[in-house]
Amino acid sequence: MENDIEETDLDLLWPNLQIDTQTNTRLVLGIAEIRSYLAAPANTRFWNSRLQRKGIKHKYVFLHDVAVYTKSGRIVWVLLNPVKQGVRSGKILIDSVIIATSVSKHQIISQDESRLCYLYIQDWIQHSNPESVTKIFRPFSPLEGYLPENCLLANPTGQQLCTWTLAAAIKPPSIHLQRHDSLRSIPGHILRLYNPSVHNLKKLESSWNTLATPMPLCVRVIVKSKDRLIIRQEDGRKPIIMLTTLLVADSTGMCKVTVWDDAVLSFNNISEGDQILLAGRYKVGHYNDRYLLEPKVRLVPRVSIELKLNTSDLTDVFVLDHAVSLGLSPPVWKFESVSSLVDNKVPSGRIIDLMGVVTYHGRWEREACIEPNTNTLTGQFWIRVWLKIVDHTSLRLQESQQGSNEENFVWVKMYVDLEKFSSAEGVVPGLPVVITNLICMSERDDFSHLEFSTETQIYPGDQAFSSRFHQALITPQEDDNILKDVLTQNSQLIEEFRSSWNDHQEDWRQVYEVSSLGGNSLPHRQIRTTFSLNYKLELLDFFQGLPYLTGARVVTTGKPLQIKLFNIDSSANIRETETELLNEPSTDQNRFEGSNFLSDHPSLQNMEHRSNNYEANIQAMKKYCFLNNIVGEVDAETQKVPGQTMLVLIESKDYRIWVESSYLQLRSQLTQIKDEGNTKFCIDFFRFRAHENGDFSCGVVATLRKVYLPLANQEEREDEANTSNFSTTQNNTMDFIRAFN
């Protein structure tokens, strides 16, 4: 039927569409841009009921507009049917081409009471030959009665959100904080008002409720938390609240600063060590300890007040460079070396800073957010990536560990939010980096890895050598031996690393030559499982719901049938080297007919890459690491990292699946399994491409992470279940929100 409908153009179609009336058509549309936002409070239940009827049960309802270009070259924003999940599944990408087969005209009453309309794409199919559609843009007068292009179509008063996470607002700050590199550029009348002996946090604590106007303050940023987005979707007055918090200090005390709503965007690029001059516009309240920020090393006591800033206060807020002399002590860092970490000298749970060189930057993967204490998906995402980092002590470790399997690097689990996108993209293999406020994670009392906290900041490349990390200006009290030790360790590590970087260039060149990027490497410890997929219908539902560029960890029960080993060279040539049969398959072939999933050939998606220079690395990271929603390959000159991998065929209750692993140590465990299908396997799935032709497993790769041998690892399973280690993802995005509800 659809092929019998004549192809049309939007300029001819638009005047003939009736409001809220579905019309079948063949409208060729190229995708030029995507924007995402929260459904309007008034329409949330309408959309939610339709999504739930399709089995899509998320806490929040998000909508996607796409800017499309027609064959004639007109550009217009249209709303996609959220039930189709086109953006979430990866079927709608920039530069892809679709054919709208069912559309309607929807009307909305704008803020000035005028009635305007937009085009709603109810149904669509992929264009079978997108290369035949010429991408052209021509200036046209707007379609009659169409909503302005700067309006979110189904929620004109809403806020655009990050399409990748749906957890951060995208818009420029309404006020840019005034930044100054010297005191001379600060307005003189403001500086004349400030007297540090009178205007300080200790004095404010004792007099704030009697002051007619707040006193001027100069404070140093000790810690800044990530930005938070609190969603109350059915609140018609304020469905989105934004906030961030800072821990600041002067010479008399420290306190928390809470920044609200649009003012949060103005604080996006505030770094630890920056200084803030508050000229008198802020609010003061009693200290709220429900969300506690702590320095790594305490220099001054906490005062019993906290400060609050809104957009209306920002005209009197000045940011001064960390090096401007205001008489404020710089923050105390807590640098630890790679050797002290791998030698298990740092207690689990401690917050530390790390200075080193990146040797591996993995593939960015989204991870679905789950509301704490429930199994409810919020509809939002984390972005997770693994790094390997070495420092000058790694070079010594490498010499002393010749021939051993011990690690001379640390794994870092990085969570990237919108505020950190730019700095995280600057974490290039072979170049220095400083990462602050990392959590030391252990397994069975042994060091495992470092993990981002909500206060982590990244200083890549030349920023790693910033003077903000010097500790020379801090003078500890005579009897404060703990602070003296911390300062001595910091100064020693900083100086040793910088000297090594400058004086041992040949050693660092060799480090660069073995650095890599892309792929899905991670430490083979602290492997946590979330839910089980033991039956075919469960697996098919899982594949269908797995979003684009998203990973998920599951456990399945069964037995291994077969192992295939492969060698892969630097040109991506794959050669099978060995096949081993482990167990006999089930004799009930009817139960497994048509139930073999994924390929028995290695996926190049999991391979690591390396290039000849830093510039090539930066380009390669765009192709093999970062999230990308544009059709077409990014040009990048790299070589594959050669190595071995194995494919394992696992038989579960009523399906068989091929899973991959480059961790060949698992082979010895697999060969021990001679049971009737009671072994548990931990598997990571990742969707790198949208599914095609109704095959929901298409575009998915599976990686075997762990084998739980029956009984033998019962103790290990109990340890994992009872672990008390903090994990960033356990808090989702709600760790901060709970304190304000």
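Shown above is the structure to which this text applies.
What you see is a predicted model; the values in this text were computed from it and never measured.

1. Here's the deal with the overall build of the protein chain
Per the secondary structure count, the protein chain includes 18 helices and 33 strands. Radius of gyration (C-alpha) of the protein chain: 28 Å, near the 27 Å computed for a compact globule of 741 residues. Taking the principal axes of the C-alpha coordinates as reference, the protein chain spans close to 80 × 75 × 45 Å. The 741 residues of the protein chain split such that 57% are buried. The long-range fraction of contacts in the protein chain, counting pairs at least 24 apart against all pairs at least 6 apart in sequence, stands at 74%. Counting every atom, the protein chain has about 33,300 Å² of accessible surface; 46% of that belongs to carbon and sulfur. Across the protein chain, the 76 positively charged side chains and the 90 negatively charged ones have centroids separated by 4 Å.

2. Notes on the side chain of Ser36
As for its placement among the helices and strands, Ser36 is situated in strand E1 (residues 23–38). Among the polar contacts listed, one links the side chain of Ser36 to the side chain of Thr163, at a separation of 2.9 Å. Among residues more than four places away in sequence, those in contact with Ser36 are Leu63, His64, Gln159, Gln160, Leu161, Thr163 and Leu166.

3. Regarding the environment of Leu116
In this fold, Leu116 is placed in strand E5 (residues 115–126). Between the C-alpha atom of Leu116 and that of Leu147, which follows or precedes it by 31 residues, the distance is 5.5 Å. Apart from residues lying up to four places away in sequence, Leu116 is in contact with His106, Gln107, Ile108, Ser110, Gly145, Tyr146, Leu147 and Pro148.

4. Concerning the nonpolar core
By size, the foremost hydrophobic cluster in this structure holds 47 residues, and its most contacted members are Leu341, Trp364, Val410, Val412 and Leu450. For this core, the secondary structure elements donating two or more residues are helix H7 (338–342), strand E16 (351–361), strand E18 (377–390), strand E19 (410–415), helix H9 (421–425), strand E20 (432–443), strand E21 (446–452) and helix H14 (614–624). At five residues, E18 tops the list of elements feeding residues into this core. Excluding residues that lie within four positions of it along the chain, Leu450 makes contacts with Leu341, Ile352, Leu354, Val410, Trp411, Val412, Lys413, Leu438, Ile439 and Cys440. In this structure, Trp77, Val78, Ile92 and Ile94 belong to the second largest nonpolar core, which totals 44 residues.

5. A closer look at the packing of aromatic side chains
A complete count under the given rule lists 26 aromatic pairs for this structure. Ring centres of Trp382 and Tyr415 lie 5.2 Å apart, and the angle between their planes is 65°; this geometry places the pair in the edge-to-face category. Placement of the pair is Trp382 in strand E18 and Tyr415 in strand E19, with a sequence separation of 33 residues. Tyr415 matches Trp382 in its accessibility class, with the two residues each being buried. A centroid spacing of 5.7 Å and a plane angle of 80° characterise the contact between Phe543 and Phe685, whose relative ring orientation is edge-to-face. Note that Phe543 is positioned in helix H12 (residues 536–545) and Phe685 in strand E32 (residues 679–687), a separation of 142 residues in sequence. With respect to class, Phe543 is no different from Phe685; both count as buried. Aromatic ring contacts, followed pair by pair, group Phe531, Phe542, Phe543, Phe597, Tyr655 and Phe685 into a single cluster. Above the plane of the ring of Phe409 lies Lys388, whose end atom (NZ or CZ) is 4.6 Å from the centre. Taking the ring centre of Phe592 as reference, the NZ or CZ of Arg656 above it sits at 4.2 Å.

6. Quick look at helix H2 (residues 44–53)
For H2, the complete set of buried residues consists of Thr44, Trp47, Asn48 and Leu51. Take H2 and look down its axis: the buried residues cluster within an arc of 100°, on one side only. Opposite the buried face of H2, by more than 90 degrees, sit the exposed residues Arg45 and Arg53. The secondary structure elements touched by the buried residues of H2 are strand E2 (62–69), strand E3 (75–80) and E5. Immediately beyond the C-terminal end of H2, within one or two residues, lies Gly55, with a positive phi of roughly 85°.

7. Some words on H12
Within the sequence span of H12, burial applies to Leu539, Phe542 and Phe543. An end-on view of H12 places all buried positions within 100° of arc, on one side of the element. Exposed side of H12, more than 90 degrees from the buried face: Leu537 and Asp541 are the residues found there. Where H12 is buried, its residues meet strand E24 (531–532), strand E25 (551–568), strand E27 (596–597), strand E31 (656–661), E32 and strand E33 (700–708).

8. So, the state of the cysteines
Within the structure shown, the criterion is met by zero disulfides. Among the cysteines around Cys162, which has no disulfide bond, Cys369 carries the closest sulfur, lying 11 Å off.

9. Thoughts on the pairing of E18
In terms of burial, E18 is largely enclosed, as twelve of its 14 residues are buried. By the bridge criterion, four bridges tie E16 to E18 in an arrangement that is antiparallel. Bridge pairing in E18 places His361 opposite Leu387. When strand E17 (residues 365–370) meets E18, the two strands line up antiparallel, connected through five bridges. When the sheet's bridge partners are listed, Glu365 is paired in E18 with Arg384. The turn linking E17 back onto E18 is made up of six residues, and Asn373 within it adopts a positive phi angle of 65°. Of the strand pairs in this sheet, E18 and E19 are connected by six bridges, and their pairing is antiparallel. Bridge pairing in E19 links Lys388 to Trp411.

The rules we used
- Residues numbered from 1 in each chain as written.
- Predicted model: local features only at pLDDT ≥ 70, side-chain atom pairs only at ≥ 80, totals over all residues.
- Heavy atoms only, no water.
- Helix = DSSP H or I, 4+ residues; strand = E, 2+ residues; numbered from the N terminus.
- Rg over C-alpha atoms; globule rule 2.2 N^0.38 Å.
- Buried < 20%, exposed > 50% of the residue type's maximum accessible area, 1.4 Å probe, protein only.
- Contact = heavy atoms within 4.5 Å.
- Areas by Shrake-Rupley, 256 points an atom, 1.4 Å probe, with all protein chains shown as cover.
- Lys, Arg positive; Asp, Glu negative; His and termini not counted.
- Charge placed at Lys NZ, Arg CZ, Asp CG, Glu CD.
- Polar contact = N/O pair within 3.5 Å; in protein donor to acceptor, adjacent residues only side chain to side chain.
- Core = buried A, V, L, I, M, F, W, Y, C linked by side-chain atoms within 4.5 Å.
- Phe/Tyr/Trp six-rings, centres within 6.5 Å; stacked < 30°, edge-to-face > 60°.
- Lys NZ or Arg CZ within 6 Å of the ring centre and 35° of its normal.
- Arc of directions from axis to C-beta.
- Disulfide = S-S within 2.5 Å.
- Pairing = 2+ DSSP bridges.

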